[in-house]
Amino acid sequence: MPQLDYIGTSPTKSDAVVKAVGDTIYGDDFRLPGELYGKVVRAEITPARIKKIDVKKALSIPGVHCVLTAKDIPGQNAGRYPDFPLLANEIVLDIGDPIALIAAENRDLAEEAAKSIKITYEKLSGSYDFRDLKNAEIVCDWKTLKSPNNSQKFDIDKIIQNADVVIENTYTSSCVDHAFIEPEGGMAWVDESGLVNIRVPTQGIENYKNVASVLGLPASKVRYDCPMLGGAFGGKEHPQLGAFLALLSIETGRPVRMAYTREETINSGSKKHPFEMKYISAANKDGMLVAIDVDIIGDAGAYVTNSKGLLLGALVVSGGPYNYPYARGRARAILTNNPFTEAMRGVGANQVCFAYESQMDELAIKLKIDPTEFRLRNTIKKGETLMQNQPVPGRVMLPELFESVAKKVRKRKNNKESRVSSPWVKGFGIIGNIGGYGRPLNAGDAFLSIDDDGSVQLRAGASDVGAGQTQTYCQIASEALGIPLSDISPILSDSHITPLAGITAGSRQTMVSGGATFDAGMQLRGRLLEVASELLEVSKEDLNIRDSIISVISSPKKSVKLTEVIKKCKEENVPLHATGNVKFGKHEYEGNEIYGAGGGWLDYVFGVHAAEVKVNKETGEVIVLNYWSGHDVGQAINSQHVEGQFEGGTMMGIGHGLMEEILVKDGKVLTEHFESYLIPTASETPEWENIILESGEGLGPYGAKGIGEPPCTAGAAAVACAVSDAIGKRIKQIPVTPGHVLEVLGKIK
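A.B. asks: Got a minute to help me understand the overall build of the protein chain in this structure?
C.D. replies: Each helix and strand in the protein chain was counted, giving 17 helices and 31 strands. Here the protein chain has a C-alpha radius of gyration of 27 Å; the compact-globule value for 749 residues is 27 Å, and the two agree. Dimensions of the protein chain, computed from C-alpha atoms along their principal axes, come out at roughly 80 × 75 × 55 Å. Out of the 749 residues belonging to the protein chain, those deemed buried represent 60%. Partitioning the contacts of the protein chain with sequence separation of at least 6, the portion at a separation of at least 24 is 80%. Put simply, the protein chain shows about 29,200 Å² of open surface, and 49% of that area lies on carbon and sulfur atoms. Looking at the protein chain, you have 80 positive and 93 negative side-chain charges, and the mean spots of the two groups are 4 Å apart.

So this is what it looks like as structure tokens:
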């Protein structure tokens, strides 16, 4: 390819102005004439047996059109997962379990009807402590062993005992909410052809298939049309809202709109798994790692959902970006009656990053080696294996990142003006991290067509969750075709007109939808150059397209306008539309058969983060002063988007590290709004520097890597290690609240 014109730049996003002035039409902003309002009635206790549901009073209220329960579902009473009923029928296991649906003329009537429904329960005994393994119901129990010769015949306990330095600690992380700014809200209606239209914020329009099975309809009779999302982070993967709306609309024959309150979305939505992580790390006095032993327990909550994959994802990266000759790992998920847990930005890597980086600091302190130097001695290299024996597939730029970040931290440490006075103390944390993107068998399509005037229509099924997916695909198409960005018109995430590409999650869509867009673009580029070569009487290899002009590379003045080539294509019946495709294979490393398709990511992103904090030893208050984030992104498609992911993702991680915690008592959420569940704001955001490196070795177009999640995995670890450095004692749980700081300092019990 010639010099890149659109890749790596930061043109103004097409949706920037409408978002800035508040004109974006999100899920709950859409309106239709004659619409009704929907409401979900949810369980108030858990676990319990449903003895009776009395809806007579609700139905007697004028303006209430219907009340639906599980018996009214015409198809399968399940959404994305078989064990997760759409409407509870006999037993409720989670405080947010839906039991009935209401459609009324307005919100007030729907609320009144909900309060008038009488549900009789028989309380059952519950399980709430996932660390109590005596009577636990175990969802999964992943195990792994690793050695230099790939043999599992070794005594890791003896290897650890013979090491010069051994550090053993138990770390815990809290239950965390996705806390997206936009609560779930949307609309469903049945059009004149009998098509069920569902317009809801979703991370995957493929949910139309799940909803069709609920409705007992052919999949072709259900359409998902996803608007722009106001954040998701894994919390908008499920099809419940779309199914609720569709059921009500079909029953009433009217459009139905519904929006969750903040309390409702926190009570009913999925959460990040809280973990308990037992780590034993061993090293020799030469500063080289010897072995690691990891045991992870996670709270699956009330339903299995994807906990098996999430715990395996955590286990895979639980050794961090370091090479341990010997390793043993175990990861289990436990069913409880707490809120159900699912995917959330980082996929288990956030929790273990906090643990393995704390261990690296402790080893360095015991060995009396500079923590950064200790990490550099042990960074994993291409071809060396992770915890589950998967070889690292690409280049690892950790040495360059550590050098760059450490240089900036040293400069800050030497700044005399940055000193603090008692009772404040300062600390720094410099940590490495590893995050994955893309799974085996990931696949997807995208469609491009060129009109007579040279403009391009781009269709991709991936949802834009606010991370700039739309702009990314447009820049890829522009670069591949040599057509200005202003001439690309995107249509995203409409199951009836866009190709499917799977869920927008796992940092996969630049690789999948971006890769499919690139493939379609290169197909069309080849056809255009073939026809242009006839007009210009040169080989197509000697041609380039830039700004809709096709010219001879060695003689740019010898050129032809794109519109002339398009005209010639039509005369010769050369198709000016193409469906691009990407499809990745299975893992092929030795030992993967015990994990199936999910035994590791397709590729990995490596990063180095650093935090400067000050801590008040009298109050326990922690303030993040400065932050440095660096990653090898392969190739930045849009540089500003990359920096946005670095900073936004890391701040989410910092929130996890310092303040975010869902508190639950007997299955009931106590922190159900933003007054009690705290998230970082602009006032908590520190001064920032980003370091973007580009190896060009990613699996996405132009060598790009998926960067949506990796920065998030590092934030909690960096601030926790910085706090430990400041107070001289190891932090072993996140969030690092003021109370916990004082507890570690021995000032409170």
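A.B. asks: Help me understand the sheet that holds strand 27 (residues 622–632) in this model?
C.D. replies: Hydrogen bonds along the backbone pair up the strands of a sheet, which may run parallel or antiparallel. The mixed open sheet is built from 4 strands, whose spatial order is 18-26-27-30. One side of each edge strand has no neighbouring strand; the edge strands of this open sheet are strand 18 (424–437) and strand 30 (687–693). Here the average twist between neighbouring strands, direction ignored, is 15°. Across 14 bridges, strand 18 lies against strand 26 (residues 603–616) in antiparallel orientation.

A.B. asks: Honestly, the side chain of asparagine 197 in this entry has me stumped. Any pointers?
C.D. replies: Within the secondary structure layout, asparagine 197 lies in strand 11 (residues 196–199). Reaching out from asparagine 197, the side chain makes a polar contact with the backbone oxygen of leucine 195 at a distance of 3.1 Å. Within the local environment of asparagine 197, its side chain forms a polar contact with the side chain of arginine 223, the two groups lying 2.9 Å apart. With sequence-adjacent residues up to four places away left out, asparagine 197 is seen in contact with Met187, Ala188, Trp189, Asp191 and Arg223.

A.B. asks: Honestly, the environment of valine 624 in this entry has me stumped. Any pointers?
C.D. replies: Along the chain, valine 624 falls in strand 27. For valine 624, a relative accessible area of 9% gives the class buried. Apart from residues lying up to four places away in sequence, valine 624 is in contact with Glu612, Val613, Ile654, Leu658, Pro686 and Val719.

A.B. asks: Sorry if this is basic, but what is going on with the pattern of salt bridges here?
C.D. replies: Throughout the structure, instances matching the rule amount to 36 salt bridges. The salt bridge partner of glutamate 264 is arginine 42, with a shortest N-O separation of 3.0 Å. Residue glutamate 264 is found in helix 7 (residues 262–268), and its partner arginine 42 is found in strand 1 (residues 36–42); the two are separated by 222 residues along the sequence. The pair formed by glutamate 264 and arginine 42 is uniform in burial state, with each residue classed as buried. A salt bridge links arginine 328 to aspartate 293, with the nearest nitrogen and oxygen atoms 2.7 Å apart. Of the two residues, arginine 328 is situated in strand 17 (residues 326–335) and aspartate 293 in strand 16 (residues 289–301); the sequence distance between them amounts to 35 residues. Overall, aspartate 293 belongs to the buried group, its relative accessible area being 12%. One network of salt bridges, with partners in common, ties together Glu357, Asp361, Glu362, Arg375 and Arg730.

A.B. asks: Any chance you could explain the packing of helix 12 (residues 469–481) against helix 13 (residues 509–536) here in plain terms?
C.D. replies: To characterise two packed helices, one gives the angle between the axes of the helices and the distance between these axes. The N-to-C vectors of helix 12 and helix 13 enclose an angle of 25°; their axes lie 8 Å apart at closest approach. Our classification of the angle between helix 12 and helix 13 gives roughly parallel. Once helix 12 is placed against helix 13, the crossing between them reads as right-handed. Contacts between helix 12 and helix 13 pair Thr472, Tyr473, Ile476, Ala477, Glu479, Ala480 and Leu481 from the former with Gln509, Thr510, Ser513, Gly514, Thr517, Phe518, Gly521, Met522, Leu524, Arg525 and Leu528 from the latter. Residues belonging to the contact of helix 12 with helix 13 are distributed by class as follows: 9 nonpolar, 7 polar and 2 charged.

A.B. asks: Teacher, can you tell me more about helix 9 (residues 349–367) here?
C.D. replies: The first and last C-alpha atoms of helix 9 sit 26 Å apart over 19 residues, in line with the 27 Å expected at 1.5 Å per residue. With 16 of its 19 residues buried, helix 9 lies for the most part within the structure. Downstream of helix 9 by a residue or two, lysine 368 has a phi angle that is positive, lying close to 60°.

A.B. asks: Whenever I open this one, the sheet that holds strand 5 (residues 98–104) confuses me. Can you help?
C.D. replies: Strand order in the open sheet formed by 7 strands is 3-5-1-13-10-11-12, with mixed pairing between adjacent strands. On the outer flanks of this sheet lie strand 3 (64–68) and strand 12 (222–224), each paired with one strand and no other. For this sheet, the mean inter-axis angle between neighbouring strands, taken without regard to orientation, is 20°. Across 4 bridges, strand 3 lies against strand 5 in antiparallel orientation. Residue valine 64 lies in a different strand from strand 5, and its bridge partner there is alanine 104. Strands in contact with helix 6 (residues 240–252) are strand 1, strand 3, strand 5, strand 10 (185–190), strand 11, strand 12 and strand 13 (256–259); relative to strand 10, the strand with the most contacts, it is inclined by about 35°.

A.B. asks: I tried to follow the packing of aromatic side chains on my own but got confused; where do I start?
C.D. replies: Given two aromatic rings, one states the distance between the centres and the angle between the planes to describe the pair. Tallied over the entire structure, the rule returns 9 aromatic pairs. Between the aromatic rings of phenylalanine 84 and tyrosine 303, the centroid separation amounts to 4.2 Å while the plane-to-plane angle is 15°, which identifies the pairing as stacked. With a gap of 219 residues between them, phenylalanine 84 in the loop between strand 3 and strand 4 (91–92) and tyrosine 303 in the loop between strand 16 and helix 8 (307–316) connect regions that are remote in the sequence. Tyrosine 303 matches phenylalanine 84 in its accessibility class, with the two residues each being buried.

A.B. asks: Help me understand unusual backbone geometry in this model?
C.D. replies: Glycine aside, a negative phi is what most residues show, and trans is what most peptide bonds show. In the segment running from serine 422 into proline 423, the intervening peptide bond is cis, with an omega of 10°. Within the secondary structure layout, proline 423 lies in the loop between helix 11 (398–413) and strand 18. Residue proline 735 follows isoleucine 734 across a cis peptide bond; omega there is 10°. Its location among the elements puts proline 735 in the loop between strand 31 (733–734) and helix 17 (738–744). A positive phi angle is found at valine 347, which is not glycine, with a value near 55°. You can see valine 347 is positioned in the loop between strand 17 and helix 9. Residue valine 347 is classed as buried on the basis of its relative accessible area of 10%. Look at lysine 368: it is not a glycine, yet its phi comes out positive at around 60°. On the secondary structure map, lysine 368 appears in the loop between helix 9 and helix 10 (371–378).

A.B. asks: Got a minute to help me understand the pairing of strand 22 (residues 543–546) in this structure?
C.D. replies: Side-chain direction in a regular strand flips from residue to residue, so the side chains alternate between the two faces of the sheet. Inspection of the sheet shows strand 22 paired to strand 23 (residues 549–552) by 4 bridges, in the antiparallel sense. When the bridges of strand 23 are listed, isoleucine 545 appears paired with isoleucine 550. Here strand 22 hands over to strand 23 after 2 residues, with aspartate 547 in that stretch at a positive phi of 55°.

Calculation notes
Residues numbered from 1 in each chain as written. Predicted model: local features only at pLDDT ≥ 70, side-chain atom pairs only at ≥ 80, totals over all residues. Heavy atoms only, no water. Helix = DSSP H or I, 4+ residues; strand = E, 2+ residues; numbered from the N terminus. Rg over C-alpha atoms; globule rule 2.2 N^0.38 Å. Buried < 20%, exposed > 50% of the residue type's maximum accessible area, 1.4 Å probe, protein only. Contact = heavy atoms within 4.5 Å. Areas by Shrake-Rupley, 256 points an atom, 1.4 Å probe, with all protein chains shown as cover. Lys, Arg positive; Asp, Glu negative; His and termini not counted. Charge placed at Lys NZ, Arg CZ, Asp CG, Glu CD. Pairing = 2+ DSSP bridges. Axes fitted to C-alpha atoms, helices over the stretch in contact; angles between N-to-C directions. Polar contact = N/O pair within 3.5 Å; in protein donor to acceptor, adjacent residues only side chain to side chain. Salt bridge = Lys/Arg side-chain N within 4 Å of Asp/Glu carboxyl O. Parallel < 35°, antiparallel > 145°, perpendicular 65-115°, else oblique. Left-handed = near helix turned anticlockwise from the far one by under 90°. Nonpolar A, V, L, I, M, F, W, Y, C, P; charged D, E, K, R; others polar. Expected span 1.5 Å × (residues − 1). Phe/Tyr/Trp six-rings, centres within 6.5 Å; stacked < 30°, edge-to-face > 60°.

Any functional reading would require information beyond the geometric quantities listed.
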